[in-house]
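Report on the structure
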Amino acid sequence: MSEVTCKGIFLICFITVFAIRFYFARLVKQNKVVDGRVSALENLLLFLTFLGMFILPLVGVFTPWFEFAAYDLPDWTGWLGTVVFIFAIGLFWRSHTDLGQNWSASLEVRENHALIETGLYQYIRHPMYAAFWLWGIAQVLLLHNWISGLSYLVSFLPMYLLRVPQEEQMMIDTFGQQYLEYTTRTGRVIPKILFTLSRFLSFSKE
Ligand code: SAH
């Protein structure tokens, strides 16, 4: 796959993800926040991810500034990146529809917040962050550049490591035993394989 095609596919997927995000952000706008835990550090990390997921890849696509940091990958990796990105978009969309009115871009509990344990959330606790990891991998495979290609993974890692324990603590404070039990059945971004298998088997019996 040529470099121009890779960049074009990246851009289409990139625009699709942001369109999904804006659409769902509008839907929850009216829903009141009752517990917000956004710290200065979280804001700094959010800004870093914004650089890595938004600014740097766009600079890489539209300017020659990062050309000195380009790397070569075999042709097929472009196709693999495309498949991974499309899968990430599917996960991203589905996690938004599963979370519905309970979604927030940051650490927040909303009025009448419900714990979602269905859809993707019956297998993993963080499907949206799983989608972000896949998006980061797709970016490496589609933008062949040490700066604009890797920027997502590098900026998302500290965000993920800080955010997930805090988010889970917030959910434990809000839902107590119900969330603790939920964590025993689910993985963070990778399903607990035995539990998932037993769910599939019981589905196929019905
Ligand atoms: N970490 C999840 C959700 C990201 S959105 C994922 O990756 O899919 C972040 C917000 O979702 C948090 O502020 C929290 O209020 C909410 N949240 C996270 N898990 C939830 C769940 N299982 N049910 C309801 N709300 C949840």
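As shown above, the structure is provided for reference.
Keep in mind it's a predicted model, so treat the numbers as computed, not measured.

Some remarks on the site of the ligand
- In the neighbourhood of the ligand, 20 residues make up the surrounding shell, with Glu108, Ile116, Tyr121, His126 and Glu167 lying closest.
- Measuring from a nitrogen atom of the ligand, one finds a side-chain N or O atom of His126 at 2.7 Å.
- One nitrogen or oxygen atom from the main chain of Met128 is found 2.9 Å from an oxygen atom belonging to the ligand.
- Relative to its free-state accessible area of 540 Å², the ligand is covered by the protein chains to the extent of 99%.
- For the shell around the ligand, the elements supplying multiple residues, two or more each, are helix H4 (127-142) and helix H5 (151-175).

Here's the deal with helix H3 (residues 76-99)
- The end-to-end C-alpha distance of H3 is 35 Å, a good match for the 34 Å that 24 residues give at a rise of 1.5 Å each.
- In the stretch just after H3, Gly100 is the one whose phi turns positive, near 55°.

Here's the deal with the environment of Thr5
- Assignment of secondary structure puts Thr5 in helix H1 (residues 3-27).
- Overall, the relative accessible area of 35% leaves Thr5 in the partly exposed class.
- Each C-alpha atom of the pair Thr5 and Gly78 lies 8.6 Å from the other, and the pair is 73 residues apart in sequence.
- Polar contacts involving the side chain of Thr5 include one to the side chain of Ser2, which spans 2.7 Å.

Quick look at H4
- Between the first and last C-alpha of H4 there are 22 Å, a value that for 16 residues agrees with the 22 Å anticipated at 1.5 Å per step.
- Burial within H4 is extensive, with 14 of its 16 residues counted as buried.

Quick word on the environment of Ile116
- Along the polypeptide, Ile116 turns up in the loop between strand E2 (108-110) and H4.
- Since its relative accessible area comes to 16%, Ile116 is described here as buried.
- Along the chain, Ile116 and Ser198 lie 82 residues apart, while their C-alpha atoms are 20 Å from each other.

Some details on the pattern of salt bridges
- Under the counting rule described, the total for this entry stands at 8 salt bridges.
- For Glu108, the salt bridge goes to Arg110, with nearest N and O atoms at 3.9 Å.
- Judged by relative accessible area, which is 8%, Arg110 ranks as buried.
- Each of Arg125, Glu168 and Arg188 takes part in salt bridges that share partners, so that together they form one network.

Quick word on a nonpolar patch on the surface
- A contiguous nonpolar surface patch, about 320 Å² in accessible area, is contributed by Tyr23, Leu27 and Trp93.
- Here Trp93 lies in helix H3.

Concerning the nonpolar core
- Counting residues in each nonpolar core, the largest one holds 51 residues, and the members touching the most others are Phe10, Phe85, Met128, Phe132, Trp135 and Phe156.
- Among the secondary structure elements, those contributing two or more residues to this core are H1, helix H2 (40-62), H3, H4, H5 and helix H6 (177-185).
- The element best represented in this core is H1, accounting for 10 residues.
- Discounting chain neighbours no more than four positions away, the residues touching Phe85 are Phe10, Cys13, Phe14, Val17, Trp135, Ala138 and Leu142.

Procedures and definitions
Residues numbered from 1 in each chain as written. Predicted model: local features only at pLDDT ≥ 70, side-chain atom pairs only at ≥ 80, totals over all residues. Heavy atoms only, no water. Near = heavy atom within 4 Å. Polar contact = N/O pair within 3.5 Å; in protein donor to acceptor, adjacent residues only side chain to side chain. Areas by Shrake-Rupley, 256 points an atom, 1.4 Å probe, with all protein chains shown as cover. Helix = DSSP H or I, 4+ residues; strand = E, 2+ residues; numbered from the N terminus. Expected span 1.5 Å × (residues − 1). Buried < 20%, exposed > 50% of the residue type's maximum accessible area, 1.4 Å probe, protein only. Salt bridge = Lys/Arg side-chain N within 4 Å of Asp/Glu carboxyl O. Patch = residues over 30% accessible without salt bridge, like charges linked within 9 Å, V, L, I, M, F, W, Y side chains within 5 Å. Core = buried A, V, L, I, M, F, W, Y, C linked by side-chain atoms within 4.5 Å. Contact = heavy atoms within 4.5 Å.

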